[in-house]
Amino acid sequence: MSEDYPDQFDEVVDFIQATIKRLRRSPDKQTPIFSRRERNRQNAATNIENSNKKGRRNQKGKNRGCVLTEIHLNVTDLDLGYETKEELIFRYCSGSCDAAETTYDKILKNLTRKKKLVTDKVRQACCRPTAFDDDLSFLDDNLVYHILKKHSAKRCGCV
């Protein structure tokens, strides 16, 4: 029987390792252990969402509006065509990049306003992932193994 599936052994091992890694960082644990960097990132996101614009001086160019946000979802909720009960923490970038506006951006805006540049070719800086989480491995309801690459943001920035 084991002779029938030798080519799938490596995929199963990869799946098990990815599942263990995901369970280690699962929010269902009683006492989650986060690195100092992760705690600071979460606190910063919470503070920005809960602040009422007090104390926001001297933040120009620091991308304070562009933050990493996370939500707990089922893989099926991603609407990529997978039917599964597997869950994940989806991290995404959100917020404004107005504070990151450079002299270059101001010049482009002025030239567009004066109709010296075509409007649809000039884009404003936007909050996007600058790095992605590790690949996500899972089994769907038909026991087919899948890997999602670049599915969740790890870091965000204004690009």
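Residues numbered from 1 in each chain as written. Predicted model: local features only at pLDDT ≥ 70, side-chain atom pairs only at ≥ 80, totals over all residues. Heavy atoms only, no water.

The line we're drawing: UniProt positions are given in the numbering used here, feature names are shortened, and annotations may be inferred rather than shown by experiment.
In the annotation of an unreviewed UniProt entry, the entry for the protein chain reads Glial cell line-derived neurotrophic factor, and the organism field reads Cyanoderma ruficeps. Under the Subcellular location (unreviewed entry) heading, UniProt states for the protein chain: "Secreted".

Remarks on the pattern of salt bridges
Pairs may arise between side chains of opposite charge once their charged atoms sit close together. Put simply, the test is: Salt bridge, as used here: a side-chain nitrogen of Lys or Arg that lies within 4 Å of a carboxyl oxygen of Asp or Glu. Only DSSP runs of H or I reaching four residues or more are called helices, and only runs of E reaching two or more are called strands; each is numbered from the N terminus. Only protein chains enter the accessibility calculation, which uses a 1.4 Å probe. A residue is then buried if its area is under 20% of the maximum for its type, exposed if over 50%, and partly exposed in between.
Scanning the model with the defined rule gives three salt bridges in all. We note a salt bridge from arginine 91 to glutamate 70, for which the minimum N-O separation is 3.2 Å. Of the two residues, arginine 91 sits in strand S2 (residues 87-94) while glutamate 70 sits in strand S1 (residues 67-74), which places them 21 residues apart along the sequence. On the accessibility criterion, glutamate 70 (38% relative accessible area) is partly exposed. Between lysine 149 and aspartate 135 there is a salt bridge; the shortest N-O distance is 3.3 Å. Remark: aspartate 135 occurs in the loop between strand S3 (127-132) and strand S4 (136-139) and lysine 149 occurs in the loop between strand S5 (145-148) and strand S6 (153-158); sequence separation between them is 14 residues. Taking relative accessible area as the criterion, aspartate 135 reaches 38% and is therefore assigned partly exposed. Through salt bridges with shared partners, a single network forms among Glu70, Arg91 and Asp133.

Quick notes on the state of the cysteines
One way to say it: the disulfide is the covalent bond shared by the sulfur atoms of two cysteines. To keep things clear, this is the line we draw: Working definition: a disulfide is two cysteine sulfur atoms within 2.5 Å of each other.
What the rule picks out here adds up to three disulfides. Residue cysteine 93 pairs covalently with cysteine 156 via a disulfide, S to S 2.0 Å. Its torsion about the S-S bond being -90 degrees, the disulfide of cysteine 93 and cysteine 156 is classed as left-handed. Separated by 63 residues along the polypeptide, cysteine 93 in strand S2 and cysteine 156 in strand S6 bring together distant segments of the chain. Sequence-ordered numbering of the bonded cysteines in the protein chain gives a pairing of 1-4, 2-5, 3-6. Free of any disulfide, cysteine 126 has its nearest neighbouring cysteine sulfur in cysteine 97, separated by 6.5 Å.

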